[in-house]
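# Report on the structure
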Amino acid sequence: MKYIATFYSQYDAIVFLKVLKDKNINAKAMPTPRKLSASCGICVVFDNQPNSDYNDYEVDAVYIEENGKYTAIFQN
């Protein structure tokens, strides 16, 4: 399963990416799919949910991507 987090700023995306990598979660930054948001233009794609609240990291929204379809599981 693939998770996609969107952000209000590029700084917030980079901070979240570092947090995930520090927790040994496979993650990468990439351009945000247009279907999701055009906010800051960068999203973070990751494999496992972190054991923390998304509100702690200025996350705009988190989606699950399956077969090209996006389902929101968190919205700020």
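Anything mentioned here points back to the structure above.
This report concerns the structure included in the present document. (Residues numbered from 1 in each chain as written. Predicted model: local features only at pLDDT ≥ 70, side-chain atom pairs only at ≥ 80, totals over all residues. Heavy atoms only, no water.)

### Describing unusual backbone geometry
Which entries qualify depends on this criterion: Think of it this way: any DSSP run of H or I at least four residues long counts as a helix, any run of E at least two long counts as a strand, and we number them from the N terminus.
The phi dihedral of Asn24 is positive, around 60°, even though this residue is not glycine. The residue Asn24 is located in the loop between helix 1 (10-22) and strand 2 (27-31) in this model.

### Quick notes on the nonpolar core
To keep it simple, the criterion reads: Joining through side-chain atoms within 4.5 Å is the link that ties buried Ala, Val, Leu, Ile, Met, Phe, Trp, Tyr and Cys residues into a set, and such a set is a nonpolar core. For every residue, the accessible area obtained with a 1.4 Å probe (protein chains only) is divided by the maximum for its type, and the residue is called buried under 20%, exposed over 50%, and partly exposed between those limits.
Counting residues in each nonpolar core, the largest one holds 19 residues, and the members touching the most others are Phe7, Phe16, Val44, Phe46, Val59 and Val62. Counting residues per element, the ones that place at least two in this core are strand 1 (2-7), helix 1, strand 3 (42-46) and strand 4 (59-66). The greatest single-element share of this core, amounting to five residues, is contributed by helix 1. Leu36, Cys43, Val45 and Tyr63 belong to the second largest nonpolar core, which has six residues in total.

### Notes on the sheet that holds strand 2
The pairing of strands in a sheet happens through backbone hydrogen bonds and is either parallel or antiparallel. Convention followed: The pairing criterion is simple: DSSP has to find at least two bridges between the two strands. Angles here are taken between N-to-C directions and fall from 0 to 180 degrees, while the axes themselves are lines fitted to C-alpha atoms, restricted in helices to the stretch in contact.
One open sheet accounts for five strands, arranged 2-3-1-4-5; its pairing is antiparallel. For this open sheet the edge positions go to strand 2 and strand 5 (69-75), each flanked by a neighbour on one side alone. Looking at each pair of strands side by side, their axes are set apart by 30° on average, direction ignored. Here strand 4 pairs with strand 5 via six bridges, running antiparallel. For Glu66, the partnering residue across the bridge sits in strand 5 and is Lys69.

### Observations regarding the packing of aromatic side chains
Each aromatic ring pair is summarised here by two numbers: the centre-to-centre distance and the angle between the ring planes. The condition is simple: Ring pairs are drawn from Phe, Tyr and Trp, using the six-membered ring of Trp, whenever the two centres fall within 6.5 Å, and their geometry is named by plane angle: stacked under 30 degrees, edge-to-face over 60, tilted for the rest.
For the structure on display, the rule yields four aromatic pairs. Between Phe7 and Phe16, the aromatic rings sit 5.5 Å apart at their centres with planes inclined by 50°, giving tilted as the arrangement. Like Phe16, Phe7 is buried. An angle of 70° between the planes, with centres 5.7 Å apart, marks the rings of Phe16 and Phe46 as edge-to-face. Of this pair, Phe16 sits in helix 1 while Phe46 sits in strand 3, and the two are 30 residues apart along the sequence. In terms of burial, Phe16 and Phe46 fall into one category: buried. Grouped by ring-pair contacts, the aromatic residues Tyr3, Phe7, Phe16, Phe46 and Tyr57 constitute a single cluster.

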